[in-house]
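Observations on chain architecture
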Amino acid sequence: MRHIISLLMENEPGALSRVVGLFSQRNYNIDSLTVAPTEDNSLSRLTVTTNGDDARIEQITKHLNRLVDVVKLVDLTEGAHVERELMLIKVKALGAQRAEIKRTADIFRGQVVDLTANVFTIQLTGTSDKLDAFIAAMGENTVLEVARTGVSGISRGEKTLAL
Amino acid sequence: MTVEQLSGGEMLIRALHDEGVEIVFGYPGGAVLHIYDAIFQQDKVEHILVRHEQAATHAADGYARATGRPGVVLVTSGPGATNAVTGVATAYMDSIPMVVISGQVESRLIGSDAFQETDMVGISRPIVKHSFMVSSAADIPRIVKEAFHIATTGRPGPVVIDVPKDVTDPKVKLPYEYPKDVKMRSYQVPGKGHSGQIKKAVEALLSAKRPMIYAGGGVIQGNGSELLTKLTQKLGYPITNTLMGLGAYPGTDKQFLGMLGMHGTYEANMAMHYCDVLLGIGARFDDRVTNSDTSKFCPDATILHVDIDPASISKTVTADVPIVGSVTAVLEEMLDQVQKSKTKVDKEALGIWWKQIEQWRGKDSLAIKSSGPDIIMPQQAVQAVYDITKGDAYVSSDVGQHQMFAAQHYTFDKPRRWINSGGLGTMGFGLPAAMGVQFAFPDAISVCITGEGSFQMNLQEYATCMQYQLPIKIICLNNQALGMVKQWQDMQYGGRYSHSTYAESLPDFTKLAEAYGHVGIRISHPDELHSKLEEAFALKDKLVFVDIQVDPNEHVYPMAIKGGAMKDMVLSKTERT
């Protein structure tokens, strides 16, 4: 099963490599990874999506918690949560295609953020599934380049991941 | 009061002293010259010059295992640091508290492929509990304090402090004050276990018909041997120790079934397989215990698992009652709850269980089968060492057949006496580890039971032993081959000895010892085994290398059958379960 694990870690050199290293050294998967400082500059928030059965996810969270740089951790998929990913996608847009692509982007609530005579650059946010669907809708001959941020997430309601 | 002004190099050594460190094992080099100069100008912290950085880590490791205090290592950058890596990994696998200070090139040169530069923090990352890169001398006191705190608390482990040379500049003096305590928001040490869980475990233990206790190195590291012994004897239950746990429970006691696992006794492995309640404590259900297929492990047992590291619980074998806490706190509460519980030990069922166990024990799976009147069996040699040292020596070992023979035939009644690389299985560990022991306990008998293969991996330490006059007794079970490799080649590769034999190129070990100013004794007949060993141990002030020519064809048995359950063992060259 897919899990989204978010954690707060010390915003220090080496902290990120310890987290990422843990995944490779213990043969765990990383499907996506995002990391950036939080409102508290001494802390970074890292969100990783991974796959595995319950036993494996339990091991992953235990080993992450064991890292000295990791301050707090939550498996967002354990409860209700909001997840988003941002994508910038460059597509071929010529002649009649241009209007069609614009319409499709509108349906997906994407925005054209840059264009040339031949190319649209579209920004899209949503769940990873939605981004996948948009890429599929564009078709492989149309897509020139894709830049995705990886999943970021937050739990619903009043629960917070904070110190 | 004026605050003392110290350079970074001076701070490091001073902080070690303030931390209570008495001894540092190390080797100098360019990046640590400022630190070595600071060492020269003080006499509070003693520095031991080894002959190879790997040996520095193993010596610190041996010191830590024997004393329970953290081992401290100082090495230079680049090759100094990489040479230390094997020792750091060894300590990591066995949860040994260690602080390794490695030099680094100047901050401004980091990343430029400077002379003797290597990314030690990066290289050591998967094999340390934590690591620090010092960016300013002002941080040194705090970092040293945190490093020792992390290395010694919770599940212990090695911590690396990487120190760029400019940080130790003797010309830059800064105020020094050693912190009294540690403030780390991201590091908490598990304390006592959950009372509800302990109660559940105690009820399960008391209701058992066929109970078994399986104790590992965590009991020794956590200083829980006394409490474990008390609990086990109060319950009257059978107990086994892992390779790392030998000495956690007195080996000569009748409730002790011997070591378990790949080369464990028949009775220990059988009792594990057939038990209905298993208390695993300070042990991690590793593959050398459970055998490769964990689905066949203890099929009927309710598994109670006590460990200070939550990540060790349900890692390989799912625990029915997990308890995270220090062994002493959990054992104390267990003892208390056993006392209070209305459930009492089922004496009748226990009697039947013991009868069964005694029947298994009757098989005498460690009995020595002689190969002939003129051949020394390796087990005999270990038993002779046991007799002569009255079972009271500190015994380090290397890795291979001799290690298993030592574990099987030197019976440990006390914790911290058996010093071996269990997890990583590091050949070359034995001699430097024995040095660490001897530095910790100058008057104790420090024995290294080794093989001629392992010994040659760190024999340069003969020079260190000479310099510091360490009277270690090296017992070499010389079978003229990499015995364990050869055993596997016998059993699984049709006797094709691919690169495991070298009889024609072995040195004259007696002369080799003499060349370094030590004593060499050669034993080649069973008749002279005892007398010559006694002669060796009588040389109290000398390092003696005892080269014992043992049966080159002997195998270690019992041996787990790969892919089987714990009850599946090869018992001799002709017999299996």
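Residues numbered from 1 in each chain as written. Chains lettered and ligands numbered in written order. Predicted model: local features only at pLDDT ≥ 70, side-chain atom pairs only at ≥ 80, totals over all residues. Heavy atoms only, no water.

1. So, the overall build of chain A
Looking only at helices and strands, chain A has four helices and nine strands in total. Helices (α) and strands (β) of chain A occur, in sequence order from the N terminus, as β-α-β-β-α-β-β-α-β-β-α-β-β. Intrachain contacts of chain A at a sequence separation of at least 6 include 72% that bridge at least 24 residues. Taken as a whole, chain A presents about 8,500 Å² of accessible surface, with 51% of it coming from carbon and sulfur. If the 19 positive side-chain charges of chain A are averaged to one point and the 21 negative ones to another, these points end up 3 Å apart. (Helix = DSSP H or I, 4+ residues; strand = E, 2+ residues; numbered from the N terminus. Contact = heavy atoms within 4.5 Å. Areas by Shrake-Rupley, 256 points an atom, 1.4 Å probe, with all protein chains shown as cover. Lys, Arg positive; Asp, Glu negative; His and termini not counted. Charge placed at Lys NZ, Arg CZ, Asp CG, Glu CD.)

2. Remarks on the overall build of chain B
A count of helical and extended segments in chain B gives 21 helices and 22 strands. For 577 residues, the compact-globule formula gives about 25 Å, and the C-alpha radius of gyration of chain B, at 25 Å, lands near that figure. Taking all 577 residues of chain B together, the buried fraction comes to 60%. Considering only contacts in chain B between residues 6 or more positions apart, those separated by 24 or more positions represent 76%. Accessible surface computed for chain B: about 22,200 Å², of which carbon and sulfur atoms make up 52%. Where the 53 positive side-chain charges of chain B centre and where its 63 negative ones centre are 6 Å apart. (Rg over C-alpha atoms; globule rule 2.2 N^0.38 Å. Buried < 20%, exposed > 50% of the residue type's maximum accessible area, 1.4 Å probe, protein only.)

3. What to know about the pattern of salt bridges
Residue and element names in this part refer to chain A. A full pass over the atoms with the stated rule returns 32 salt bridges over all chains. With a shortest N-O distance of 2.8 Å, Arg18 and Asp69 are connected by a salt bridge. Note that Arg18 is positioned in helix H1 (residues 15-25) and Asp69 in the loop between helix H2 (54-66) and strand E4 (70-75), a separation of 51 residues in sequence. When its relative accessible area of 10% is taken as the criterion, Arg18 is described as buried. Its relative accessible area of 4% is what places Asp69 among the buried residues. (Salt bridge = Lys/Arg side-chain N within 4 Å of Asp/Glu carboxyl O.)

4. Some details on the nonpolar core
Residue and element names in this part refer to chain B. One finds Leu278, Met334, Ile475, Leu533 and Ile548 to be the most contacted residues of the largest nonpolar core, which totals 96 residues. Leaving out residues up to four positions away in the same chain, Met334 has contacts with Ile198, Ala201, Val202, Leu231, Leu279, Val306 and Ile323. In terms of nonpolar packing, the next biggest core, distinct from the first, is built from 44 residues, Phe455, Ile474, Ala513 and Leu543 among them. (Core = buried A, V, L, I, M, F, W, Y, C linked by side-chain atoms within 4.5 Å.)

5. Side note on the packing of helix H14 (residues 378-388) of chain B against helix H21 (residues 529-538) of chain B
Residue and element names in this part refer to chain B. Where H14 contacts H21, the two axes come as close as 10 Å, and the packing angle between them is 50 degrees. With respect to each other, H14 and H21 are oriented oblique. As for the relative orientation of H14 and H21, their crossing is right-handed in sense. Residue-level inspection shows Gln380, Ala381, Ala384, Val385, Asp387 and Ile388 of H14 in contact with H21, the latter providing Leu529, His530, Leu533, Glu534 and Phe537. (Axes fitted to C-alpha atoms, helices over the stretch in contact; angles between N-to-C directions. Parallel < 35°, antiparallel > 145°, perpendicular 65-115°, else oblique. Left-handed = near helix turned anticlockwise from the far one by under 90°.)

6. Digging into the sheet that holds strand E3 (residues 43-51) of chain A
Residue and element names in this part refer to chain A. Within the open sheet, the four strands sit side by side as E2-E3-E1-E4. Their pairing is antiparallel. Each end of this open sheet is capped by a strand with a single partner; those strands are strand E2 (32-37) and E4. When strand polarity is set aside, the average angle formed by the axes of neighbouring strands in this sheet is 15 degrees. (Pairing = 2+ DSSP bridges.)

7. Considering the side chain of Thr464(B)
One can find Thr464(B) in helix H18 (residues 462-467). If we skip the residues at most four places from it in the chain, Thr464(B) touches Ile48(B), Leu49(B), Val50(B), Arg51(B) and Met435(B).

8. Examining the domain arrangement of chain A
All names here are of chain A. According to the domain assignment, chain A contains domain 1 (2-79) and domain 2 (82-152). Between domain 1 and domain 2, roughly 470 Å² of surface is buried when both sides are summed, and carbon and sulfur atoms account for 52% of that area. Here domain 1 is connected to domain 2 by one salt bridge. At the boundary of domain 1 with domain 2, the tally comes to three residue pairs in polar contact (both at pLDDT 80 or more). At the level of secondary structure, the elements contributing two or more residues to the side of domain 1 that touches domain 2 comprise strand E1 (2-10), E2 and E3. With three residues, E2 is the largest single contributor of residues to the side of domain 1 that touches domain 2. Of the residues assigned to the side of domain 1 that touches domain 2, the class counts are two nonpolar, four polar and one charged. (Domains from an automatic or database assignment. Buried area = accessible area lost by both parts, 1.4 Å probe. Polar contact = N/O pair within 3.5 Å; in protein donor to acceptor, adjacent residues only side chain to side chain. Nonpolar A, V, L, I, M, F, W, Y, C, P; charged D, E, K, R; others polar.)

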